[in-house]
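Reading the structure
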Amino acid sequence: MPDHPHPAADGAGAAAGAGAGGAGVAGLATSVWLTGQRSAPVQRRGRYLAASTQHPARMLPAIAAHAVAVYTRPGDLVADPMCGIGTTLIEAVHQGRDALGVELESR
Ligand SMILES: C[S@@+](CC[C@H](N)C(=O)[O-])C[C@H]1O[C@@H](n2cnc3c(N)ncnc32)[C@H](O)[C@@H]1O
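Residues numbered from 1 in each chain as written. Predicted model: local features only at pLDDT ≥ 70, side-chain atom pairs only at ≥ 80, totals over all residues.

Concerning the overall build of the chain
Threshold: Numbering of helices and strands runs from the N terminus; a helix is a DSSP stretch of H or I covering at least four residues, while a strand is a stretch of E covering at least two. Exposure in this text rests on C-beta crowding, where 20 or more other C-beta atoms within 10 Å of a residue's own make it buried, 12 or fewer make it exposed, and counts in between make it partly exposed. The C-beta atoms are placed from the backbone. Here, residues touch in the contact sense if the C-beta positions derived from the backbone fall within 7 Å of one another.
The number of helices and strands found in the chain is three helices and four strands. Scanning the chain from its N terminus toward the C terminus, one meets helices and strands in the order β-β-α-α-β-α-β. By residue count, 22% of the 107 residues in the chain fall in the buried class. Across the chain, every contact between residues at least 6 apart in sequence was considered, and the portion connecting residues at least 24 apart equals 36%.

This is the structure in structure tokens:
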């Protein structure tokens, strides 16, 4: 775990640009990641090969980008042991992190 807490855990409120956290409903901690404001093709445009859309289990780039932004810092290493088309890795590199992925399928 990083040495900086998740914004929802410390009651600090919204994470930069992509989500919100806080006391929530009936005092329960909540964390809402607003990652669907742009369509998947728009999020991928200019960053992903067209062939990558053939993968059956693609992650929405904004989800990966938000996780990278909240849980890591520039210069950190982001490792994805089941990286698929590499969404998490791509979003990590775009935010100044290093990235390492492993994928079972050769395609
Ligand atoms: C949901 S996708 C991963 C999405 C990815 N995390 C991303 O950021 O786009 C799951 C992937 O895990 C791979 N996988 C499943 N078992 C694996 C294993 N034992 N080692 C490596 N990759 C594996 C699958 O081939 C599939 O591409």
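Having put the structure on the table, let's press on.
Some thoughts on the site of the ligand
The following threshold applies: Only the C-beta atom matters for this test: placed from the backbone, it must lie within 6 Å of a molecule or strand for the residue to be near it. All amino acids are sorted into three groups, where Ala, Val, Leu, Ile, Met, Phe, Trp, Tyr, Cys and Pro are nonpolar, Asp, Glu, Lys and Arg are charged, and the leftover types, Gly among them, are polar.
Taken together, 14 residues surround the ligand, and among them Ala57, Met82, Gly84, Thr87 and Leu104 come closest. A class-by-class count of the residues in the shell around the ligand yields eight nonpolar, three polar and three charged.

A word on the confidence of the model for the chain
What counts here: pLDDT gives the predictor's per-residue confidence on a scale running from 0 to 100.
Overall, the predicted model of the chain reaches an average pLDDT of 83, with 79% of residues at or above 70. Scored below 50 in pLDDT, residues 4-19 makes 38 contacts in the model with residues more than four places away or belonging to other chains.

Considering helix α3 (residues 87-94)
Burial of α3 is extensive: six of the eight residues sit out of reach of the surface. Looking at α3, one finds that the buried residues are Thr87, Thr88, Leu89, Ile90, Glu91 and Ala92. Of the surrounding elements, those touching the buried residues of α3 are α2 (61-71), β3 (77-80) and β4 (98-101). Directly beyond the C-terminal end of α3, a positive phi value near 80° is found at Gly96.

Re the environment of Ala67
Summarising the element assignment, Ala67 is placed in helix α2. Spatially, the C-alpha atom of Ala67 lies 9.2 Å from that of Trp33, the residues being 34 residues apart in sequence.

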